[in-house]
Amino acid sequence: MIQIHGLNFTYPGRTFQLQIPDFQVQQGEKLAVIGPSGSGKTTLLNLVSGIVTPKQGEIEVAGTTVSSMSDAERRDFRIRNIGFVFQDFELLDYLHVLDNILHPYRISRALRLDREVRERAALLAGQMDIRNKLKRRTDDLSQGEKQRVAICRALLPGPRLLLADEATGNLDPRNKGRILDLLFEAVDSHGATLLAVTHDHELLPRFDRVVDFADFQQTAAA
Ligand code: ADP
Ligand code: MG
């Protein structure tokens, strides 16, 4: 599902450098990514989703080389194929909860908003315990509630790749297990792949594989 070769990435004007010679994720795999803060975990998810592009190297997702697509193509590919639960949620505070969840359908012709989608949105919100918050503005929500809105938005289109950046980070222990159950269920139900950054070491045994970012060669240029 994901193949990375000879990756080299830097942010303009920064010394941080992410180098990944070889990295693969199989279709259907549930992979956890751990590693110290600032080691490039979020950057990796941004590269895989085509939000940023590498200076060198190839990134292939579901048989498509995202690293060589145009900006518009990458955006379209992302909306069709990838669900992303961002570390800082990236909810739109001028929209209420339901409109945030439906937002990918409003900004792309690749997704069609119909009754069935609305019904699934309500169902997902129910599973995430935010069904009674659908008409609230997102800035009235707790961190844990915002996180669950972000998860609903990522899952609704049924993406074949789910990227989750510390998606259980703001939840209490009981909710952590539950949210992970729901993420796994959503992934398993249509053979999707999960790449999840996490700090919750007690959740790691539930993943198929754990990649420690400390293992990637990171050279901070002087
Ligand atoms: P992690 O998710 O592992 O904490 P990040 O991928 O967010 O790490 O960040 C890796 C490094 O890149 C950090 O040094 C961070 O300051 C820097 N960085 C992250 N995003 C940007 C950006 N948009 N512009 C410049 N530097 C960034
Ligand atoms: Mg991060």
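Coordinates for the structure precede this section.
Residues numbered from 1 in each chain as written. Chains lettered and ligands numbered in written order. Predicted model: local features only at pLDDT ≥ 70, side-chain atom pairs only at ≥ 80, totals over all residues. Heavy atoms only, no water.

Undergrad: Help me understand the side chain of aspartate 200 in this model?
TA: Looking at the secondary structure, you find aspartate 200 in the loop between strand E8 (193–197) and strand E9 (209–212). The class of aspartate 200 is buried, set by a relative accessible area of 9%. In this view, aspartate 200 contacts Thr168, Gly169 and Lys176; residues no more than four positions away in its chain are not counted. (Helix = DSSP H or I, 4+ residues; strand = E, 2+ residues; numbered from the N terminus. Buried < 20%, exposed > 50% of the residue type's maximum accessible area, 1.4 Å probe, protein only. Contact = heavy atoms within 4.5 Å.)

Undergrad: Is there a simple way to explain the coordination of the magnesium ion (ligand 2) in this structure?
TA: When four donors bind a metal tetrahedrally, each ideal donor-metal-donor angle is 109.5 degrees, and when six bind octahedrally, the ideal angles are 90 or 180 degrees. Protein coordination at the magnesium ion (ligand 2) comes from Thr42 (OG1) and Gln87 (OE1), with a distance range of 2.0 to 2.3 Å. Highlighted residues: threonine 42 in helix H1 (residues 41–48) and glutamine 87 in the loop between strand E6 (82–85) and helix H3 (97–107), separated in sequence by 45 residues. (Donors = N, O, S within 2.8 Å, 3.2 Å for Na, K, Ca; no water.)

Undergrad: Just to check I follow, could you spell out unusual backbone geometry for this structure?
TA: Both trends apply: most residues other than glycine have a negative phi, and most peptide bonds are in trans. With a phi angle near 55 degrees, glutamate 90 is a residue other than glycine that sits in the positive phi range. Relative to the elements of secondary structure, glutamate 90 occurs in the loop between E6 and H3. Residues other than glycine seldom take positive phi values, yet glutamate 166 does so here, at roughly 55 degrees. A residue is classified by how much of its surface remains accessible, and glutamate 166, at 15% relative accessible area, is buried.

Undergrad: Just checking my understanding: could you explain the environment of valine 211 for this structure?
TA: Within the secondary structure layout, valine 211 lies in strand E9. Taking the relative accessible area as the measure of exposure, valine 211 reaches 11% and is therefore buried. Valine 211 sits 189 residues away from aspartate 22 along the chain, and the two C-alpha atoms are 12 Å apart. Valine 211 has contacts with Phe23, Leu31, Ala32, Val33, Ile34 and Phe216, leaving out every residue within four places of it along the chain.

Undergrad: Teacher, can you tell me more about the pattern of salt bridges here?
TA: Side-chain pairing between opposite charges can occur once the charged atoms of the two side chains come close. Considering all chains together, one arrives at 13 salt bridges under this definition. Between aspartate 99 and arginine 106 there is a salt bridge whose closest N-O contact spans 2.9 Å. On the basis of relative accessibility, which here comes to 44%, the residue arginine 106 falls in the partly exposed class. With a shortest N-O distance of 3.1 Å, aspartate 139 and arginine 137 are connected by a salt bridge. (Salt bridge = Lys/Arg side-chain N within 4 Å of Asp/Glu carboxyl O.)

Undergrad: Hey, could you run me through the sheet that holds E9 in this one?
TA: What holds strands together in a sheet is hydrogen bonding between their backbones, with the strands either parallel or antiparallel. Reading across from one edge, E6-E7-E8-E3-E9 is the order of the five strands in this open sheet, with parallel pairing throughout. Edge positions in the sheet fall to E6 and E9, since each has one partner strand and no second. Between one strand axis and the next, the sheet turns by 15 degrees as a mean value, whatever way the strands run. Judged from the four bridges that link them, E6 and strand E7 (residues 161–165) form a sheet pairing that is parallel. Across the sheet, the residue bridging to valine 85 is alanine 164, located in E7. Strands in contact with H1 are strand E3 (30–34), E6, E7 and E8; relative to E7, the strand with the most contacts, it is inclined by about 155 degrees. The strands that helix H5 (residues 143–155) touches are E6 and E7; relative to E6, the one it contacts most, it runs at about 175 degrees. (Pairing = 2+ DSSP bridges. Axes fitted to C-alpha atoms, helices over the stretch in contact; angles between N-to-C directions.)

Undergrad: Please clarify how the environment of alanine 72 should be interpreted in this entry.
TA: As for its placement among the helices and strands, alanine 72 is situated in helix H2 (residues 71–81). As a C-alpha pair, alanine 72 and leucine 161 span 89 residues in sequence and 19 Å in three-dimensional space.

Undergrad: I keep staring at the packing of aromatic side chains and nothing clicks. Help me out?
TA: In this description, an aromatic ring pair is defined by two values, namely the gap between the centres and the angle between the planes. Counted according to the given criterion, the structure contains four aromatic pairs. Both rings, one in phenylalanine 84 and one in phenylalanine 86, keep their centres 4.1 Å apart while their planes meet at 15 degrees; by these two values the pair is stacked. Phenylalanine 84 gets classed as buried once you look at its relative accessible area, which sits at 8%. Feature note: the residues Phe9, Tyr11 and Phe16 constitute an aromatic cluster, connected by ring pairs. Sitting above the plane of the phenylalanine 184 ring, lysine 30 keeps its charged end 5.2 Å from the centroid. (Phe/Tyr/Trp six-rings, centres within 6.5 Å; stacked < 30°, edge-to-face > 60°. Lys NZ or Arg CZ within 6 Å of the ring centre and 35° of its normal.)

Undergrad: How should I be thinking about the pairing of E7 in this particular structure?
TA: Consecutive side chains along a regular strand alternate between the two faces of the sheet. In terms of burial, E7 is largely enclosed, as five of its five residues are buried. The two faces of E7 match: Leu161, Leu163 and Asp165 on one face and Leu162 and Ala164 on the other face are all buried. Regarding the hand of the β-α-β motif, the stretch spanning E7, helix H6 (residues 173–189) and E8 is right-handed. (Right-handed = clockwise from strand over helix to strand, strands pointing away.)

Undergrad: For this particular structure, what's the right way to read H2?
TA: Since the α-helix advances by 3.6 residues per turn, residues separated by three or four positions end up pointing in the same direction. Of the positions making up H2, those classed as buried are Arg74, Phe77, Ile79 and Asn81. Packing partners of the buried residues in H2 comprise strand E4 (56–61), strand E5 (64–65), E6, H3 and E7.

Note that every value here comes from positions in space, so none of it alone points to a role or purpose.
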